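# Fold and geometry: a report
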Amino acid sequence: MKFFADTAEIDDIKELAATGLLDGVTTNPSLIAKSGRDFMEVTKEICGIVDGPVSAEVVALDHAGMMREAEVLRKIADNVCIKVPLTIEGLKTCKALTADGTMVNVTLCFSANQALLAAKAGATFVSPFVGRHDDNGFDGMDLISDIRLIYDNYAFETEILVASIRHGVHVLQAAKIGADVMTAPPAVIKGLFKHVLTEKGIEGFLADWAKTGQSI
Ligand code: G3P
């Protein structure tokens, strides 16, 4: 499963990229606002840190406006992936951009039927929001299982990018279902490294090593 960081914070992206485990980055207008940075500038910087896809979201609601914005965004770098909402206008834009070889991430997906539409529109990625699905009394992971089943039934190549991940259990479940990608806040990704027994084990080994009086 590919790991994307869901953030526009440069320091976090650099730290995660240094592990060699980061396959891409996703941003959205809320994350750009939170960073306090200029959209074009920060997106360019992120694209220079990671080799994989960096999602940058359009804000226009009509097809012509989305195409206009996508034209500006895709000039930033070759690894920019245009993020469009799962609407009729968004999927028209998806179809046009992917036909032209541009990567597209169809976002704000909350149903398996919506995911089916995104795949038919040729999306590179579809982003079902599991956390927000859970928040509203549904099981976000049921949605991921349904999308996996449908995509496998028809051999759709659209990658399932599990978004709105809130904790490590979401990551584990997404991996068990066979999602292609997960995007999570840096704190959630860093949390995956942690286990109390790993920390306790290091502590014990170091204490015993000190008793030997040796050095490497
Ligand atoms: O990038 C979209 C998504 O991951 C948002 O997550 O936590 O705001 O629902 P959240």
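The preceding data block contains the structure.
Below is a summary of the structure that appears in this document.

What counts and how
- Going along each chain's sequence as written, the residues are numbered from 1 onward.
- Local features in this predicted model are restricted to residues whose pLDDT is 70 or higher, and side-chain atom pairs enter the listing and the counts only when it is 80 or higher, whereas totals over whole chains, interfaces and linings include all residues.
- Hydrogen atoms and water are omitted, and side-chain values are computed over all heavy atoms in the structure.
- Ring pairs are drawn from Phe, Tyr and Trp, using the six-membered ring of Trp, whenever the two centres fall within 6.5 Å, and their geometry is named by plane angle: stacked under 30 degrees, edge-to-face over 60, tilted for the rest.
- Near residues are defined by distance, with any heavy atom within 4 Å of the molecule or strand qualifying the residue.
- Polar contact criterion, stated in full: a pair of N or O atoms within 3.5 Å, where within protein one must be able to donate a hydrogen and the other to accept it, and residues adjacent in sequence count only if both atoms are side-chain atoms.
- Reported accessibility uses the Shrake-Rupley method at a 1.4 Å probe radius. Residues are deemed covered only where the shown protein chains occlude them.
- Lining residues are defined by having an atom within 4 Å of a point belonging to a cavity or pocket. Those points lie on a 1 Å grid over the protein atoms alone, cavities being sets where a 1.4 Å probe fits but cannot get out and pockets being open sets with protein on both sides within 12 Å along at least five of seven lines.
- Cavity and pocket membership follows a simple rule, namely that a molecule belongs there if more than half of its atoms are within 2 Å of the grid points.
- Salt bridges, as used here, are contacts in which a Lys or Arg side-chain nitrogen is within 4 Å of a carboxyl oxygen on Asp or Glu.
- Segments assigned H or I by DSSP are reported as helices when at least four residues long, segments assigned E as strands when at least two residues long, and all are numbered from the N terminus.
- In this scheme, strands are said to pair when DSSP sees at least two bridges between them.
- Under this scheme, a helix contributes an axis fitted over its contacting stretch, all axes are lines through C-alpha atoms, and angles between N-to-C directions fall in the 0 to 180 degree range.
- Residue contacts are counted whenever heavy atoms from the two residues lie within 4.5 Å of one another.
- Orientation is classified from the angle alone, with under 35 degrees giving roughly parallel, over 145 giving roughly antiparallel, 65 to 115 giving roughly perpendicular, and any other angle giving oblique.
- Throughout, a crossing is termed right-handed when the near helix is turned clockwise from the far one, and left-handed when it is turned anticlockwise from it by less than a right angle.
- Gly is placed with the polar residues, together with every amino acid not listed as nonpolar (Ala, Val, Leu, Ile, Met, Phe, Trp, Tyr, Cys and Pro) or charged (Asp, Glu, Lys and Arg).

Attention now goes to the packing of aromatic side chains. Where two aromatic rings form a pair, the distance of their centres and the angle of their planes describe that pair. Summed over all chains, the structure comprises four aromatic pairs. Through a chain of ring-to-ring contacts, three or more aromatic side chains come together here, namely Y151, Y154 and F156.

In this section: the site of the ligand. By nearness alone, every residue bordering the ligand is listed as D6, N28, K83, F129, R132, A163, S164 and R166. Contact between the ligand and D6: an oxygen atom at 2.5 Å from a side-chain N or O atom of the residue. Here an oxygen atom of the ligand and a side-chain polar atom of R166 are 3.0 Å apart. For the ligand, whose accessible area on its own is 310 Å², the fraction buried by protein is 83%. Cavity membership is defined here by more than half of the atoms lying within 2 Å of grid points; on that basis the ligand lies in the largest pocket.

With the rule as written, the count across this model stands at 13 salt bridges. With a closest N to O distance of 3.0 Å, R166 and D135 form a salt bridge. Pair noted here: R166 is in the loop between β7 (159-162) and α9 (168-177) and D135 is in helix α7 (residues 130-135), with a separation of 31 residues, a long-range link. For K211, the salt bridge identified is with D208, shortest N-O distance 2.9 Å. Of this pair, K211 and D208 both sit in helix α11 (residues 196-212), three residues apart, which is roughly one turn of that helix. If you follow the salt bridges from partner to partner, you end up with D12, E15 and K190 in one network.

With that out of the way, let us pick up the sheet that holds strand β6 (residues 125-128). Sheet architecture is closed into a barrel: eight strands sit in the order β1-β2-β3-β4-β5-β6-β7-β8, paired in parallel fashion. Ignoring strand direction, the axes of neighbouring strands in this sheet form an average angle of 30°. Bridging between strand β1 (residues 2-6) and strand β8 (residues 181-184) involves four bridges; their strand directions are parallel. What sits directly across from F3, in β8, is M182. Against the sheet, helix α4 (residues 63-73) touches β3 (54-57) and β4 (80-85), its axis set at about 160° to β4. Sheet contacts for helix α8 (residues 140-154): β5 (104-109), β6 and β7; angle to β7, the most-contacted strand, approximately 175°.

Relative orientation of the contacting elements helix α6 (residues 112-120) and α8 amounts to 40°, with a least axis distance of 9 Å. Classified by the interaxial angle, the pair formed by α6 and α8 is oblique. α6 and α8 meet at a crossing whose hand is right-handed. Here α6 contributes A112, A115, L116, A118 and A119 to the contact with α8, which in turn contributes L143, D146, I147, I150 and Y151. Per-class residue counts for the contact of α6 with α8 are nine nonpolar, no polar and one charged.

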